[in-house]
Amino acid sequence: MTLNGDALKIAIEQTRTKWGWFVALGVLLLIFGGIAFGNLFIATVASVYVVGWLMLVAGVIEIVHAFGVKTWGRFFYWLLSGLLYAIAGFFAFNNPLLASAVLTFLLAIALVASGVLRAWVGYSHRPQRGWGWVVAAGVISALAGLIIAMGWPVNSLWVLGLFLAIDLIFQGWTFIAVGLALKR
């Protein structure tokens with residue numbers, strides 16, 4: 001089902017009456033972002049707990065799914081995968097500081113890898129417009145990953161909280177902007 005122009009206009013008009021909720025949610029997210037900036041350690045632990053819950057839920061879902069699979073090979077694959085996810089989720093709750101160190105290191109690796117890949121893709125598209133921006137974004141991502149890796153494991157106490165705080169603030173401003181745009 002696709003939205004034609006009239007359906008889109010109707011959806012926007014219906015949403016327009018709720019502009020205040022967007023602004024309120026944006027303000028709330030800004031407040032939470034400020035609180036997270038105020039205590040990056042607690043924000044880091046909170047983010048580890050969220051990841052732990054997500055892994056625990058994913059593990060339970062995969063274990064339940066394993067019992068619906070028809071072949072033994074796939075059953076054991078899904079069962080093992082679910083058990084590993086569930087164990088990792090419990091691990092995050094049992095030792096959030098160690099889990100934050102692992103997650104911070106994985107974040108550093110992901111930033112370096114994605115940054116190098118993005119820079120390579122941008123460089124390989126040299127003749128096209130904007131290729132330099134793609135390379136610059138890749139280099140910045142890779143450098144951010146290297147900076148995180150060089151400060152690891154000490155920075156594991158605050159890096160995830162910093163990312164959470166920055167994300168909450170950007171999301172807050174985005175919701176405020178959308179709400180104010182809907183008001184007009």
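The rules behind each value
- Residues numbered from 1 in each chain as written.
- Predicted model: local features only at pLDDT ≥ 70, side-chain atom pairs only at ≥ 80, totals over all residues.
- Heavy atoms only, no water.
- Helix = DSSP H or I, 4+ residues; strand = E, 2+ residues; numbered from the N terminus.
- Expected span 1.5 Å × (residues − 1).
- Buried < 20%, exposed > 50% of the residue type's maximum accessible area, 1.4 Å probe, protein only.
- Arc of directions from axis to C-beta.
- Contact = heavy atoms within 4.5 Å.
- Core = buried A, V, L, I, M, F, W, Y, C linked by side-chain atoms within 4.5 Å.
- Patch = residues over 30% accessible without salt bridge, like charges linked within 9 Å, V, L, I, M, F, W, Y side chains within 5 Å.
- Areas by Shrake-Rupley, 256 points an atom, 1.4 Å probe, with all protein chains shown as cover.
- Salt bridge = Lys/Arg side-chain N within 4 Å of Asp/Glu carboxyl O.
- Phe/Tyr/Trp six-rings, centres within 6.5 Å; stacked < 30°, edge-to-face > 60°.
- Axes fitted to C-alpha atoms, helices over the stretch in contact; angles between N-to-C directions.
- Parallel < 35°, antiparallel > 145°, perpendicular 65-115°, else oblique.
- Nonpolar A, V, L, I, M, F, W, Y, C, P; charged D, E, K, R; others polar.

Hey, could you run me through unusual backbone geometry in this one?
Among all residues save glycine, negative phi is the norm, and among peptide bonds the norm is trans. In the segment running from Trp152 into Pro153, the intervening peptide bond is cis, with an omega of 5°. Positionally, Pro153 belongs in the loop between helix 6 (131-151) and helix 7 (159-183).

Help me understand helix 6, please; the structure alone is not making it clear to me.
In an α-helix there are 3.6 residues to a turn, and that puts residues three or four apart on one side. Over its 21 residues, helix 6 extends 31 Å from the first C-alpha to the last, a length consistent with the 30 Å expected when each residue adds 1.5 Å. Within helix 6, the full set of buried residues consists of Val135, Gly138, Ser141, Ala142, Gly145 and Ile148. Projected onto a plane normal to the axis of helix 6, the buried residues spread over an arc of 155° and lie on a single side. Along helix 6, the residues that are exposed and aim more than 90 degrees away from the buried face are Trp133, Ile140, Ile147 and Met150. If you follow the buried residues of helix 6, they end up packed against helix 5 (96-124) and helix 7.

Is there a simple way to explain the nonpolar core in this structure?
Most often, soluble globular proteins keep nonpolar side chains buried together rather than apart. Residues Leu29, Ala36, Leu40, Ala43, Ala165 and Leu168 constitute the largest nonpolar core, which totals 6 residues. Apart from the residues lying within four places of it in its own chain, the contact partners of Ala36 are Ala43, Ala165 and Leu168.

What exactly am I supposed to notice about a nonpolar patch on the surface here?
On the surface, a nonpolar cluster with roughly 600 Å² of combined accessible area is contributed by Phe91, Leu98, Val102, Phe105, Leu106, Ile109 and Trp152. Here the nonpolar patch takes 5 residues from helix 5, the largest share from any one element. Mapping Phe91 onto the fold places it in helix 4 (residues 72-94).

Please clarify how the side chain of Ser47 should be interpreted in this entry.
Its location among the elements puts Ser47 in helix 3 (residues 40-66). Each residue touching Ser47, except ones within four places of it in the same chain, is listed here: Leu160 and Leu164.

What's the story with the packing of aromatic side chains in this structure? I'm lost.
The tally for this structure, following the rule as stated, stands at 10 aromatic pairs. Ring geometry for Tyr77 against Trp78: centres 5.2 Å apart, planes inclined by 75°, an arrangement best described as edge-to-face. The exposure class assigned to Trp78 is partly exposed, which follows from its relative accessible area of 26%. Every member of this aromatic cluster is reached through a ring pair, and the members are Phe67, Trp72, Phe75 and Phe76.

Before we go on, may I ask you to explain the environment of Ile12 in this structure?
For Ile12, the location among the structural elements is in helix 1 (residues 5-16). Along the backbone, Ile12 and Ser114 are 102 residues apart, and their C-alpha atoms lie at a distance of 36 Å.

So what exactly am I meant to see when it comes to the packing of helix 5 against helix 7 here?
For any two helices packed against each other, the geometry is given by the interaxial angle and the distance between the axes. Between helix 5 and helix 7, the shortest axis-to-axis distance is 9 Å and the interhelical angle comes to 65°. Taken together, the axes of helix 5 and helix 7 are roughly perpendicular relative to one another. Residue-level inspection shows Ser100, Leu103, Thr104, Leu107 and Leu111 of helix 5 in contact with helix 7, the latter providing Val159, Leu160 and Phe163. Broken down by class, the residue content of the contact of helix 5 with helix 7 amounts to 6 nonpolar, 2 polar and no charged.

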